[in-house]
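Chain residues, written in single-letter form:
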Amino acid sequence: MNCSIAIVGTGPAGFYLADLLTKKLEHCQLDLIDRLPTPFGLIRAAVAPDHIPTKNITRQFERVLQRDNVRFLGNIEVGRDISYDELKANYDLVILATGAIKDRELTIEGLELQDSETGNSAIEGIYGSGQFVTWYNTHPDHHGFTPKLNGRAVAIIGNGNVALDIARILGKTPEEMKGSDINPQAQRLIEKANIEDIYIIGRRGPIEASFTPFELEELSQLNRCVPLIYNSDGESSTIPQQVGDGYDTRESKSRQKNLELLQSYSENQVDDKPVRLHFLFWHSPIKIAAENGHITSLSLKKTQLKDNHLIETDQTLTLTVDTLISAIGYRSTEISGVPFDQQTGRVTNQAGRVEDGVYCVGWCKRGPQGVIPSNRADAIEMAKTIIADLEISPITQPKPGRETIDQLLTRRNIRVVTTEDWHKIDQAEINRAPVDKVREKFATIEQMLAVLD
Ligand code: NAP
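Residues numbered from 1 in each chain as written. Predicted model: local features only at pLDDT ≥ 70, side-chain atom pairs only at ≥ 80, totals over all residues. Heavy atoms only, no water.

Trainee: Hey, could you run me through empty space enclosed by the protein in this one?
Mentor: The method is simple in principle: a probe with the dimensions of a water molecule rolls over the atoms, and the space it marks as empty is what remains. Evaluated as defined, the whole model comprises one cavity of 30 Å³ or more. Size it by volume and the largest cavity reaches roughly 30 Å³. Lining the largest cavity are Leu96, Thr98, Thr333, Glu334, Ile335, Val338, Phe340 and Val347. Here the residues of the lining of the largest cavity sort into five nonpolar, two polar and one charged. (1 Å grid on protein atoms, 1.4 Å probe; cavity = no way out; pocket = protein on both sides within 12 Å on 5 of 7 lines; lining within 4 Å. Points joined across faces, edges and corners; volume = space filled by probe spheres on them. Nonpolar A, V, L, I, M, F, W, Y, C, P; charged D, E, K, R; others polar.)

This is the structure in structure tokens:
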């Protein structure tokens, strides 16, 4: 079928869907649009810098870029350089795959004071995981940002893989980061920091934590950092033996493995290694205190389940902390004109359908859940939906397609980054990497574009 397709966002969801659609709609022309000059979305921005094998999925995505009917159009921001309405007017299908990287806001006492420009806490030492992770991954949005890491204790709120990633990156030695693509400034700052205690704080328990066993187990192998179970009651162990009912077989197995790992961590000794990583379950953050504009402590309320509802008890625990990172999930970024659900922070959709000819896929559709292959399953489902819709309502009046879009971009003097351009940036990043790193990413869009001129 002859049709023109724009996919906005070039993370895994966008690429998986591009792969499927270009196979199924043989004669389509597909443009992958990204606001950055670089493709691959969360693979560059959020996958941990020491998880290099995970990033190898980009080889598969590169093969999609090699197809004759596929183009990468980088450095184009929808809503700034080209409007959503212009995309709809020119492409037969518009697919939003813009992900979710804006931090969900932690609302606790003491955090009300916010920077009017960034929306971040005006108190120093408090960060969202999106900001923190993209900082150590050299995302151009956070060029110039430097977190304060000059204290001894870091608290991370949230019991997901992002919390584990952050703890691991803070806990690793420079030697252990060899072969990574971490931001060099971040590496130096972490190296210089005198972190002694890292707390990973969950408002629910070890069974409910959404860690995956592989990521949890990695913490047992760190040279200078020992995982421990923090026990506010002085009981011998807070880790249950069995997962119990309520999970399907796969989930149950994964959670059981988590329990076994956490049980083994409860046997570790506090003085085993210089950096202690405490898992603190059943505690909800309620308040921070600050002195001279810098966070000094975090107060938590002990929680428990009552009739399947999480409630806070009267028991309070206050930790001295110098840095607080909330890793409590993400929201999508709103694009002018795109229907958006403020409550959930996602594109408004019905099983991926946004409006006539417009679909969404990945985290902007279903929220920030699941590992990279979950996006493949989502893309398969969306490809089926799109093909089924085209069978019911075939395209009878094709839209102008990419020629008109190219003319618009040229008229607006937009420096479009093509696949060939991206490959130059890619090679330049690999070439400039020191011997012990796989690549040294450019920190700004200007630096990336300078490679092309
Ligand atoms: P996540 O797995 O959804 O975890 C978010 C955590 O934040 C949950 O423990 C949640 O607790 C907690 N939380 C939410 N609101 C809170 C609040 N107000 N106060 C205290 N705690 C709160 O999300 P994530 O860690 O951001 O990860 C996002 C997705 O990316 C996940 O699917 C994850 O597996 C994936 N990921 C994968 C990898 C990997 O495979 N290596 C690495 C990073 C991320 P409740 O459960 O009680 O709501």
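Trainee: How should I be thinking about the site of the ligand in this particular structure?
Mentor: Residues in contact with the ligand amount to 22 residues; listed here are only the nearest, Arg203, Arg204, Ser210, Glu215 and Gly370. Measuring from an oxygen atom of the ligand, one finds a side-chain N or O atom of Ser210 at 2.7 Å. If the ligand stood free it would expose 920 Å²; the protein chains cover 81% of that surface. Considering every element that reaches the shell around the ligand, the biggest residue donor is helix α7 (residues 161-171), with three residues. Of the residues contributing to the shell around the ligand, the split by class is nine nonpolar, eight polar and five charged. (Near = heavy atom within 4 Å. Polar contact = N/O pair within 3.5 Å; in protein donor to acceptor, adjacent residues only side chain to side chain. Areas by Shrake-Rupley, 256 points an atom, 1.4 Å probe, with all protein chains shown as cover. Helix = DSSP H or I, 4+ residues; strand = E, 2+ residues; numbered from the N terminus.)

Trainee: I keep staring at the sheet that holds strand β7 (residues 153-157) and nothing clicks. Help me out?
Mentor: Backbone hydrogen bonds are what pair the strands of a sheet, in a parallel or an antiparallel way. The strand order across the open sheet built from six strands is β6-β14-β7-β8-β10-β9, with neighbouring strands paired in parallel fashion. Edge positions in the sheet fall to β6 (126-128) and β9 (225-229), since each has one partner strand and no second. Taken pair by pair, the neighbouring strands of this sheet meet at an average axis angle of 20°, ignoring direction. With five bridges joining them, β7 and strand β8 (residues 197-201) adopt parallel strand pairing. Its bridge partner being in β8, Ile156 is matched across the sheet by Ile200. Its contacts with the sheet put helix α6 (residues 129-136) on β6 and β14 (323-326), and the angle it makes with β6 is roughly 80°. Packing of helix α10 (residues 249-266) onto the sheet brings it into contact with β9 and β10 (275-280), and relative to β9 it is tilted by some 105°. (Pairing = 2+ DSSP bridges. Axes fitted to C-alpha atoms, helices over the stretch in contact; angles between N-to-C directions. Contact = heavy atoms within 4.5 Å.)

Trainee: Looking at this structure, how should I read the pattern of salt bridges?
Mentor: Here the idea is simple: oppositely charged side chains can pair when their charged atoms come close. If you walk through the whole model with that rule in mind, you get 30 salt bridges. With a closest N to O distance of 3.5 Å, Arg80 and Glu77 form a salt bridge. A relative accessible area of 53% means that Arg80 is categorised as exposed. Residue classification places Glu77 among the partly exposed positions, given a relative accessible area of 28%. The salt bridge involving Asp197 is made with Arg276; its shortest N-O contact spans 2.7 Å. Remark: Arg276 occurs in strand β10 and Asp197 occurs in strand β8; sequence separation between them is 79 residues. Across the pair, Arg276 and Asp197 agree in class, each one buried. Residues joined by salt bridges that share partners form a network here, namely Asp50, Asp165, Arg168, Lys172 and Glu218. (Salt bridge = Lys/Arg side-chain N within 4 Å of Asp/Glu carboxyl O. Buried < 20%, exposed > 50% of the residue type's maximum accessible area, 1.4 Å probe, protein only.)

Trainee: In this structure, what is going on with the side chain of His278? I would like to understand it.
Mentor: With respect to the helices and strands, His278 occurs in strand β10. Contacts of His278, omitting those with residues within four sequence positions, involve Asp197, Ile198, Tyr199, Ile200, Leu228 and Tyr230.

Trainee: Explain the packing of aromatic side chains here, please?
Mentor: Taken as a whole and judged by the stated rule, the model has 15 aromatic pairs. On the basis of an interplanar angle of 70° and a centroid distance of 5.7 Å, the ring pair of Phe211 and Phe279 is categorised as edge-to-face. One end of the pair, Phe211, is in the loop between β8 and α9 (213-218); the other, Phe279, is in strand β10, with 68 residues separating them in the sequence. Take Phe279: its relative accessible area is 0%, and that puts it in the buried class. Relative to Trp363, the ring of Tyr330 has its centre 6.4 Å away and its plane inclined at 20°; by these criteria the two rings are stacked. In this pair, Tyr330 sits in strand β15 (residues 330-331) while Trp363 sits in helix α11 (residues 363-366), placing the two residues 33 residues apart along the sequence. (Phe/Tyr/Trp six-rings, centres within 6.5 Å; stacked < 30°, edge-to-face > 60°.)

Trainee: Hey, could you run me through helix α4 (residues 58-65) in this one?
Mentor: For α4, the set of buried residues is Thr58, Phe61, Glu62, Val64 and Leu65. The buried residues of α4 occupy one face: seen down the axis, they fall within an arc of 155°. More than 90 degrees from the buried face of α4, the exposed residues found are Arg59 and Arg63. (Arc of directions from axis to C-beta.)

Trainee: I would appreciate a short explanation of the pairing of β14 in the present structure.
Mentor: Across a regular strand the side chains alternate sides, sitting on one face of the sheet and then on the other. Burial along β14 is two-sided: the face carrying Thr323 and Ile325 and the face carrying Leu324 and Ser326 are both buried. Here β6 pairs with β14 via three bridges, running parallel. Considered in β14, the bridge of Tyr127 is made with Ile325. Pairing between β7 and β14: four bridges, direction parallel. Among the inter-strand pairings, Ile156 is bridged to a residue of β14, identified as Ile325.

Trainee: Can you help me understand the nonpolar core in this one?
Mentor: Core analysis: the largest hydrophobic core is formed by 45 residues, its most contacted members being Phe132, Tyr136, Leu149, Ile156, Leu170, Leu216 and Phe279. Elements represented by at least two residues in this core include exactly α6, β7, α7, α8 (184-192), β8, β9, α10 and β10. With six residues, α7 is the largest single contributor of residues to this core. Beyond its immediate stretch of four places on either side in the chain, Leu216 contacts Leu164, Phe211, Asn258, Leu261, Leu262, Tyr265 and Phe279. In terms of nonpolar packing, the next biggest core, distinct from the first, is built from 43 residues, Leu20, Leu25, Val70 and Ala428 among them. (Core = buried A, V, L, I, M, F, W, Y, C linked by side-chain atoms within 4.5 Å.)

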